[in-house]
Amino acid sequence: MSGDDSRSEAEADDRGRDGDPPADRAFVCRECGRRWYYTKPQCPDCDSDPSAHGTEELGEGTVRAVTRVEVTPADVRSPNRLALADFDGVGLIAQVAGDDDPTAGDHVAFAGSFTLRGDGDRPQPRLRVIEDGE
Amino acid sequence: MSRIALPGVGMTRFTSSDDRSLVDLAATACRRAVVDAGIERGDVTSLHVGTALAEALGQQSGLGNALAGALGVEGVAADRVENTSATGATAVHRGIEAVASGASDVALVVGAERMSGADTSAVTDAISRLTHTREYAQGLTLPSFGGLAAGAYLDRHDAPREALATVAAKNHRNAVANEVAQFRREVSVEEALDSPVVAEPLRLYDCCPMSDGAAAVVVTRSDRGEGGDSVSGADHAVGVAAHASATGTHPVAERPDPLAIESVRVAGERLFDAAGVGPDDVDVACIHDAFTVLELIELEELGFYEPGTAWEATMDGETAMDGALPVNPGGGLKARGHPLGATGVSQIVELVWQLRGDLPDERRVDGATRGIAVNVAGFGNNSVCTMLEA
């Protein structure tokens, strides 16, 4: 897991339309160290503004819940396999790559390059099951 | 003692497609509530209008003002309320607060939605937009959250999928005799189990439909009228014992427990604290069953059942019409239908009918004197609870 000391120009350019970083990165507050996933206008702990927020790779997480969505919007793949996973206290829901079929307790990491929804053609990684020791 | 009373209610039948405009639907429900209350339209002093999707679906904007004109009550105070799928209950709360504060003598609250007014993909997208942008990018829909929660519930509590199907079968059975329900047809547990997958483990019959419809309620004070202008019968009408709401996390994955809907728990605690009663004192409940698993989770969050036990109670018949706690006697969102802005008001309409006891025998919860309604926005973004007493 690598932390960024500051928001680089390249990182800022990698933000999507809504200011969201790539799917495999969490926010981190340089003032207090708090990490979170879902873009916010201020740190949930110390209220610092976005100029104090960097991002870092999420690394490896643990699956807590899964679903396979068969009825999906026109611009979303079908079926859409999703996992709710915990990355060292940072929770998120993300698409699962390929034919991976995780269950609760499995370990996952982001990998690959795909097109998600509503974000132009910006490539994004999906969750992939990783075997112990991988 | 003065209290907030609901002397009149009315609604349209919820359907998959109603040809009437959004304004016409709302006006029809309003007229029925006004007649039911035994008042004249000129008695109304404020109008509180809930709709969630009107603008997103290219329908009437400024619905409150358009409705005031359609009803011929220009001059009243009017506002529009939006709280996604809890829009209706929030509109009711604004009406209650307008009367309680003295700002309004007779509040007319209406919730309305016309989801057939756009193609399904447009409606689905409009609803999906209530998610966080990073949730939206993953293609998340409301049934996606339902599937994740349902899978976690069955897994953690070692419950069978029949538990979910039993909720669907019960609510469809309750709707058969409900003249304003969208689906007046029984669905067996087997049918529910065998219906197509929407979001594993949720099947089609685990999910509420898209609906058109409107529901309305008149709110006033029970002691209004010492000056001779009372709403007739308001002192005997069903009253509001308490109302409370709470927001939860916007992104679902920020919750410490995927099975916890904290907004329901907090709003429920506030409701019971304000009313000075507990879950054991409730005779009938209208629970936001947009997905069958939500009925189970919400019953647990509200304290009716311990965590992980609502499914067994449901399979044992405790939440059926003849059970210890009848839940969703009108069919719930599942079978009465779920026109977003109207649903929360329709729960109040159902409770008023139940507490007045003026329903046919097969529709009535015998002897009910206290009921609660829970209307939930998003997948727990905001929960809006109301307690009524006969």
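Within each chain, residues carry numbers counting from 1 in the order of the written sequence. Here the convention is simple: chains get letters from A, ligands get numbers from 1, in the order in which they are written. In keeping with the predicted nature of the model, local features appear solely for residues at pLDDT of at least 70, side-chain atom pairs appear and are counted solely at 80 or more, and the whole-chain, interface and lining totals rest on all residues.

All right, on to the sheet that holds strand β2 (residues 35-36) of chain A then. As a general point, the strands of a sheet are linked pairwise by backbone hydrogen bonds and lie either parallel or antiparallel. Residues and elements named next belong to chain A. Note on pairing: DSSP must find at least two bridges between two strands before they are called paired. Strands here mean DSSP runs of E at least two residues long; helices mean DSSP runs of H or I at least four residues long; both are numbered from the N terminus. With antiparallel pairing, three strands are arranged side by side in an open sheet as β2-β1-β3. In this open sheet, the two edge strands, each paired with only one partner strand, are β2 and β3 (53-57). Bridge count between strand β1 (residues 25-29) and β3: five bridges; the pairing is antiparallel. Bridged to C29 within β3 is H53.

This paragraph deals with the domain arrangement of chain A. All names here are of chain A. The start and end points of each domain follow an automatic or database-based domain assignment. Assigned domains within chain A: domain 1 (9-57) and domain 2 (60-130). Relative placement of domain 1 and domain 2: their C-alpha centres are 20 Å apart. We call two residues in contact whenever the C-beta atoms placed from their backbones are within 7 Å. Each partner contributes to the interface: domain 1 provides nine residues, whereas domain 2 provides 13 residues. Side-chain classes are defined by residue name, with Ala, Val, Leu, Ile, Met, Phe, Trp, Tyr, Cys and Pro counting as nonpolar, Asp, Glu, Lys and Arg as charged, and the others, Gly among them, as polar. Taken together, the residues of the side of domain 1 that touches domain 2 sort by class into five nonpolar, one polar and three charged.

On to the sheet that holds strand β2 (residues 46-50) of chain B. Residues and elements named next belong to chain B. Strands sit in the order β3-β2-β4-β7-β1-β8-β11-β10-β9 across an open sheet of nine strands; the sheet is mixed. This sheet does not close on itself; its edge strands, each paired only once, are β3 (77-81) and β9 (284-286). Across the sheet, the axes of successive neighbouring strands diverge by a mean angle of 25°, strand direction being ignored. With nine bridges joining them, strand β4 (residues 106-114) and strand β7 (residues 212-221) adopt antiparallel strand pairing. Each bridged residue has a counterpart across the sheet, and for V110 the counterpart in β7 is A216. In the packing of helix α13 (residues 340-356) onto the sheet, contacts are made with β1 (4-11), β2, β4, β7, β8 (238-247), β9, β10 (370-377) and β11 (382-389), and the angle to β4 comes to roughly 125°. As a rule, the C-alpha atoms of each element are fitted with a line to give its axis, helices using only the stretch in contact, and angles between N-to-C directions run from 0 to 180 degrees.

Residues and elements named next belong to chain B. Domain assignment breaks chain B into domain 1 (4-119 + 211-239) and domain 2 (139-203 + 241-389). If you average the C-alpha positions of domain 1 and of domain 2, the two centres end up 24 Å apart. Every contact between the two is made by 38 residues of domain 1 and, on the other side, 36 residues of domain 2. For the side of domain 1 that touches domain 2, the element with the most residues is helix α3 (residues 87-100), which contributes eight residues. Grouping the constituent residues of the side of domain 1 that touches domain 2 by class yields 20 nonpolar, 15 polar and three charged.

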